[in-house]
Amino acid sequence: AAFTMAMLDEGAGDYDALAFKAAAEDLGAVLGAGAGLDTSSASLSALKDRFDPSLALLAVMLREPRLAEADFERVRQSWLARIAQEQTQPNAIAQ
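Owing to the predicted nature of the structure, the values given are computational and were not obtained by experimental measurement.

### Comments concerning the packing of aromatic side chains
(1) Moving on: Applying the stated criterion across every chain yields a total of three aromatic pairs.
(2) Moving on: Aromatic pair F3 and F72: ring centres 5.0 Å apart, planes at 75°, arrangement edge-to-face. Note that F3 is positioned in helix α1 (residues 2-7) and F72 in helix α4 (residues 69-86), a separation of 69 residues in sequence.
(3) Moving on: On the accessibility criterion, F3 (18% relative accessible area) is buried.
(4) Moving on: Site record: aromatic cluster; members linked through ring pairs are F3, F72 and W79.

See below:
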């Protein structure tokens, strides 16, 4: 679930990953999604005067995720690299 939620801001609707991030940046909005063991959440931080278009972009993100194969592989590789990095940390090894 966490991986799928992480993919939501990697493109949605007519926006590929870069265009989606550029649209959010142009609006001054920060969109996010995440998941825990028993929860999933989406968030939006937006400027008051850009709230409506920012909310519309959040709706596109939630309703029309692209989940493109290239983005999936890029994010997967990023997660695998993070896991490998964590395994070199003494605290992670001890657990």
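### Considerations on the nonpolar core
(1) Moving on: M5, L8, A12, F20, A23, A24, L27, A29, L31, L57, L58 and M61 together form the largest nonpolar core, which totals 12 residues.
(2) Moving on: When residues of this core are traced back to their parent elements, those giving at least two are α2 (17-27) and α3 (51-63).
(3) Moving on: The element that contributes the greatest number of residues to this core is α2, accounting for four residues.
(4) Moving on: In this view, A12 contacts F20, V60, M61, E64, P65 and R66; residues no more than four positions away in its chain are not counted.

What counts as what
Residues numbered from 1 in each chain as written. Predicted model: local features only at pLDDT ≥ 70, side-chain atom pairs only at ≥ 80, totals over all residues. Heavy atoms only, no water. Phe/Tyr/Trp six-rings, centres within 6.5 Å; stacked < 30°, edge-to-face > 60°. Helix = DSSP H or I, 4+ residues; strand = E, 2+ residues; numbered from the N terminus. Buried < 20%, exposed > 50% of the residue type's maximum accessible area, 1.4 Å probe, protein only. Core = buried A, V, L, I, M, F, W, Y, C linked by side-chain atoms within 4.5 Å. Contact = heavy atoms within 4.5 Å.

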